[in-house]
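Residues per chain, in single letters:
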Amino acid sequence: MAEQPQPTVKTRFLVISDTHGRDSIPSSNEPADVAIHCGDLTMGSTLQEFQGAIKLLKQINAPLKLVIAGNHDFTLDPPAFQNKIREARRLQNIDPLLVEKEYGYCGQVRELFDHVDAKEKSGIRLLEEGTHYLNLQNGASLTVYASPYTPSFGEWGFQYSPHEGHEFAIGNVDLVMTHGPPRGVLDNTISGQRTGCEHLFGRVARSRPRMHCFGHIHGSWGAKLVAWRKTISEKPSHLTDIDSGQSTVIEKLSNIKASGPRAYYLTSHCADDANPLQHGRHTLFVNAAIEGSDGFPSHPAWLVDLDLQRAL
């Protein structure tokens, strides 16, 4: 007897990143099963900015809100935060009490996210790096790999040497949420330079999740449904392991700029859609950076519909 396919549940994600101190977004009333924030909740990592970010997350119409930090959120990275405090004292002789008033003591921001009003009442979960197993209110199961780490540039948080790389321990998951992009996918700066991480690309190519969400590179807002080649290289690269002829650009920033501001962009890749996502064959990559540029200050959020397996 042929094996019966497992039942699936249509699940809606609201995906954002790089809100950089905003305390609201126009799309917050749109209902979703899960909200995703891929880091850079703040611009300068102050307590006031984090309080605004939690206010934004509370407004989102979803029972579960999954959040990671970004490089701007350095007070959530204790070693980076302590280094900044030492440098401030050494170079500028700043009063430690003034630093604490502005940025909080080490661990205080984490306490804001762990407060019952944020975590239990509002469904906000600040994820540590690693794999997380979740059962959603809509009956679906969701396996997530999360990581805030990006290649280093300047004195920020959650950074690693691009030459040494980082161990992204991505296994068999539905969703990857990182702050930065993988090499070769939605990772171009305004000047056209690719800034994504090749180590991250390699692990995602081997995992082939349903979706990989990130931000960090504001000018590459957009989404692409990537089709993988049947065999992944020993050292995966976007040049060799993506089947470009079978991949589809869902939307890119230049089109959005031409059509004018909007609160969100909706895309659906369930079994009966025009571009269905086949798990293991495709990955939907989403750069969800909200922060824009002078002429276009805010990018739309993403609403993404995907099929997930029903929880046992």
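The structure presented is a predicted model; accordingly, all values stated were derived computationally and were not measured. (Residues numbered from 1 in each chain as written. Predicted model: local features only at pLDDT ≥ 70, side-chain atom pairs only at ≥ 80, totals over all residues. Heavy atoms only, no water.)

## Structural notes on unusual backbone geometry
Link 1 in the chain: Residue Asp18 is not a glycine yet carries a positive backbone phi of 50 degrees.
Link 2 in the chain: Here Asp18 is to be found in the loop between strand E1 (8-16) and strand E2 (34-37).
Link 3 in the chain: Since its relative accessible area comes to 0%, Asp18 is described here as buried.
Link 4 in the chain: For Asp40, which is not a glycine, the phi torsion comes out positive at approximately 55 degrees.
Link 5 in the chain: As for its position among the elements, Asp40 is in the loop between E2 and helix H1 (47-59).
Link 6 in the chain: A residue is classified by how much of its surface remains accessible, and Asp40, at 2% relative accessible area, is buried. (Helix = DSSP H or I, 4+ residues; strand = E, 2+ residues; numbered from the N terminus. Buried < 20%, exposed > 50% of the residue type's maximum accessible area, 1.4 Å probe, protein only.)

## Notes on the layout of surface pockets
Link 1 in the chain: In this structure, the largest pocket occupies an estimated 310 Å³ of space.
Link 2 in the chain: Looking at the lining of the largest pocket residue by residue, the classes come out as seven nonpolar, seven polar and five charged. (1 Å grid on protein atoms, 1.4 Å probe; cavity = no way out; pocket = protein on both sides within 12 Å on 5 of 7 lines; lining within 4 Å. Points joined across faces, edges and corners; volume = space filled by probe spheres on them. Nonpolar A, V, L, I, M, F, W, Y, C, P; charged D, E, K, R; others polar.)

## Description of the pairing of strand E10 (residues 211-214)
Link 1 in the chain: The alternating pattern of E10 places Met211 and Cys213 and His212 and Phe214 on opposite faces, both of which are buried.
Link 2 in the chain: Looking at chain direction, strand E9 (residues 175-178) and E10 are connected through three bridges and run parallel. The residue bridging Met177 from the neighbouring strand is Cys213, located in E10.
Link 3 in the chain: The pairing of E10 with strand E14 (residues 282-287) spans four bridges and is classified as parallel. Its bridge partner lying in E14, Cys213 is registered against Val286. (Pairing = 2+ DSSP bridges.)

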